[in-house]
Amino acid sequence: MTPLPPLLNAPLSVPAEVGGLTLESPLLLAPLAGITIPPLRLFFAGLGAAAVHTEMISCAGLLWSNGKTDAMLDLLPGEPPAVVQLFAGDRDTLARAAEKVLKDTPYKAVGINMACPMPKVLKKGAGSRLMKRPEEAFAMVAALVKMGLPVWPKIRKCPPDYPLTTEEFCRGLLDAGASLVCLHGRTPAQRYAGDADREIIREMAAEFPGRICASGDVYTPSQAVGYLEMGCPAVLLARGAVADPFLFAKTLAFMGHDVHNSYINPPPDLRISLMLRLGDSVSGYMGPRIGALFAKRIMAGMFKGLRGSAALRRKAAEHSCWTELRGVIEQSDSCLERRE
Ligand SMILES: Cc1cc2nc3c(=O)[nH]c(=O)nc-3n(C[C@H](O)[C@H](O)[C@H](O)COP(=O)(O)O)c2cc1C
């Protein structure tokens, strides 16, 4: 496997103060259910994420399930500062689960999901349903603040028929003790479709300086930096990082940092090497079937723009075991080349 060059030619020299944490940069990996498992978090940390989120983790699962949910709390050695994101429909369930999670925790902050629009979460009174029950949402923040870690609720833009405006909701969360509010500029009804509203982020960042972390439609370095220029102390990279795993590095370079050119114009052998490392690490952690699944999820973005990548993906689709898929990727060196 080709050795990886260091990401940076010179260390990042200006730390970012984000929601009670001092981070190397303001570029964070968003919480992504089904994606931000520990090996993926390590992968994105190696590519420039200054902090990472877990997937959203069910408090009911932590309290009453058979241990499968507990495994979602694992952190691997070498992970950067990590935020554990919890979801629950009421303050008691949240507080009881959080007590268990936050005892001697390696996590640096705790997130509360008040943004998820999916029916299975809403029907438990959790996720974005909490935006309709602001008093419960504020009580949840207050309950976690007592446990000592910075609390980062994640919310969406409030539509007009909700009890509070986005500004009132943010204010209530901050007054309850939240260190940072992560704001996704889509309403719950939009789910992940349509454009994210950048103006609501601009308005909230102006109203609550240094307290609003931006989320929504971050696919390019200029979109990420645009949010920082609005006064957000940090920005969440989500689908954009999956679509282009080099987005963190490219954004750091766009911000003026001295990033190794291999991560800005990645050659095929570096991409293959990263893919092999990722597949090996997911496979080692969760087995060869899941290893293949995650590798396929990241492949399109990893090999995007290379001649031969579509053929490679078609070949990859035939394999559901990482051991076999690994061989296919390893041998792809000769058929992948940069488009001129
Ligand atoms: C597959 C997927 C899973 C997600 N899982 C979570 C989650 O567990 N917790 C959360 O707060 N947001 C979750 N989100 C929302 C993202 O963190 C982010 O706010 C959203 O995708 C908007 O950013 P984007 O338009 O740049 O992708 C998820 C989004 C997607 C697409």
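My aim in this report is to walk through the structure given alongside it, one point at a time. Note that residues are indexed from 1 along each chain, following the sequence as it is written. Local features in this predicted model are restricted to residues whose pLDDT is 70 or higher, and side-chain atom pairs enter the listing and the counts only when it is 80 or higher, whereas totals over whole chains, interfaces and linings include all residues. Calculated side-chain values reflect all of the structure's heavy atoms, with hydrogen atoms and water omitted.

**A few points about the overall build of the chain**
Operational definition: Secondary structure follows DSSP: runs of H or I at least 4 residues long count as helices, runs of E at least 2 residues long count as strands, and numbering of each begins at the N terminus. Throughout, the radius of gyration refers to the C-alpha atoms, and the reference size of a globule is 2.2 Å times the residue count to the power 0.38. Exposure is judged per residue with a 1.4 Å probe applied to protein chains only, and the accessible area is read against the type maximum: over 50% gives exposed, under 20% gives buried, and values in between give partly exposed.
If you tally the helices and strands in the chain, you get 14 helices and 12 strands. Here the chain has a C-alpha radius of gyration of 20 Å; the compact-globule value for 340 residues is 20 Å, and the two agree. For the chain, the spread of C-alpha atoms along the three principal axes comes to 60 × 45 × 35 Å. Burial status across the chain gives 56% buried among its 340 residues.

**Here's the deal with the site of the ligand**
How we decide: Throughout this document, a residue counts as near a molecule or strand when at least one of its heavy atoms sits within 4 Å of that molecule or strand. Here a polar contact means two N or O atoms within 3.5 Å. Within protein one must be a hydrogen donor candidate and the other an acceptor candidate, and residues neighboring in sequence count only if both atoms are side-chain atoms. Computed with a 1.4 Å probe, the accessible areas rest on the Shrake-Rupley method; for each residue, only the protein chains presented here act as cover. For this scheme, ten residues count as nonpolar: Ala, Val, Leu, Ile, Met, Phe, Trp, Tyr, Cys and Pro. Four count as charged, namely Asp, Glu, Lys and Arg, and the remainder, Gly too, count as polar.
In the vicinity of the ligand there are 17 residues, among which Ala33, Gln85, Ser215, Asp217 and Arg239 approach most closely. A distance of 2.8 Å separates an oxygen atom of the ligand from a polar atom in the side chain of Lys154. Coverage of the ligand by the protein chains reaches 89% of its 600 Å² of free accessible surface. Grouping the constituent residues of the shell around the ligand by class yields 8 nonpolar, 5 polar and 4 charged.

**Quick look at helix α14 (residues 322-330)**
Here is the rule: Contacts between residues were defined by any pair of non-hydrogen atoms, one from each residue, lying within 4.5 Å.
If you check which residues of α14 are buried, you get Trp322, Leu325, Arg326, Gly327, Val328 and Ile329. Against the buried residues of α14 lie α11 (268-286), α12 (288-302) and α13 (309-316).

**Topic: the pairing of strand β8 (residues 181-184)**
Heads up, the condition is: Pairing between strands requires that DSSP locate at least two bridges from one strand to the other. Assignment of crossover handedness uses the view with strands pointing away from the viewer, where a clockwise path from the first strand over the helix to the second indicates a right-handed crossover.
Here β8 shows no split at all, with Val181 and Leu183 on one side and Cys182 and His184 on the other all buried. Two strands pair when backbone bridges link them, and strand β7 (residues 151-156) and β8 are joined in this way by 3 bridges, in the parallel orientation. Its bridge partner lying in β8, Arg156 is registered against His184. Of the strand pairs in this sheet, β8 and strand β9 (residues 212-215) are connected by 4 bridges, and their pairing is parallel. Across the sheet, Cys182 pairs through a bridge with Cys213, a residue of β9. Assessed by its sense of winding, the connection that carries the chain from β8 through helix α7 (residues 198-207) to β9 is right-handed.

**As for the packing of aromatic side chains**
Rules: Whether two aromatic rings pair depends on their centres lying within 6.5 Å, for rings of Phe, Tyr and Trp, where Trp uses its six-membered ring; planes under 30 degrees apart make the pair stacked, over 60 edge-to-face, and the rest tilted.
Per the counting criterion, the structure on display carries 3 aromatic pairs. Centre to centre, the rings of Phe44 and Phe248 are 6.1 Å apart; their planes meet at 55°, and the pair counts as tilted. Of this pair, Phe44 sits in helix α1 (residues 38-46) while Phe248 sits in helix α10 (residues 247-254), and the two are 204 residues apart along the sequence. By relative accessible area, which is 1% here, Phe44 ends up buried. Judged by relative accessible area, which is 0%, Phe248 ranks as buried. Among the aromatic residues, those joined into a ring-pair cluster are Phe43, Phe44 and Phe248.

**Section: the packing of helix α3 (residues 91-102) against helix α5 (residues 134-145)**
A pair of packed helices is characterised by two quantities: the angle between their axes and the separation of those axes. We count it as follows: For helices, the fitted line uses only the C-alpha atoms of the stretch in contact; every axis is such a line through C-alpha atoms, and the angle between N-to-C directions lies from 0 to 180 degrees. Working rule for angles: under 35 degrees goes down as roughly parallel, over 145 as roughly antiparallel, 65 to 115 as roughly perpendicular, anything else as oblique. Crossing handedness: left-handed means the near helix sits turned counterclockwise from the far one by under a right angle, and right-handed means the same turn made clockwise.
The N-to-C vectors of α3 and α5 enclose an angle of 20°; their axes lie 9 Å apart at closest approach. Taken together, the axis directions place α3 and α5 in an arrangement best described as roughly parallel. With respect to the hand of their crossing, α3 and α5 are arranged in right-handed fashion. Here Arg91, Leu94, Ala95 and Ala98 of α3 lie close against α5, whose contacting residues are Glu136, Ala139, Met140, Ala143 and Leu144.

**Re the packing of α11 against α12**
Where α11 contacts α12, the two axes come as close as 7 Å, and the packing angle between them is 150°. Between α11 and α12, the angle is such that the two are roughly antiparallel. The element α11 and its partner α12 pack so that their crossing is right-handed. Listed contacts from α12 to Arg271, Leu274, Met275, Leu278, Gly279, Val282, Ser283 and Met286 of α11 are Pro288, Ile290, Gly291, Phe294, Ala295, Ile298, Met299 and Met302. In the contact of α11 with α12, the residues fall into 12 nonpolar, 3 polar and 1 charged.

**Brief notes about α12**
Each α-helix turn comprises 3.6 residues. Residues three or four places apart therefore point the same way. Basically, it comes down to this: Here the expected length of a helix is defined as 1.5 Å per residue gap, with one fewer gap than residues. Axes are fitted to the seven residues ending at a residue and to the seven starting at it; the angle between these axes is taken as the bend at that residue.
An ideal rise of 1.5 Å per residue puts 21 Å on 15 residues; α12 measures up with 20 Å between its terminal C-alpha atoms. Its maximal kink placed at Lys296, α12 deviates by approximately 25°. Taken residue by residue, α12 has Ile290, Gly291, Ala292, Phe294, Ala295, Ile298, Met299, Gly301 and Met302 as its buried positions. At its buried positions, α12 is contacted by α1, α9 (239-243), α11, α13 and α14.

**Topic: the environment of Pro267**
Here Pro267 shows up in the loop between α10 and α11. Note: C-alpha distance between Pro267 and Val110 (157 residues apart in sequence) is 37 Å. What Pro267 contacts, discounting residues up to four positions off in sequence, is Ser262 and Arg338.

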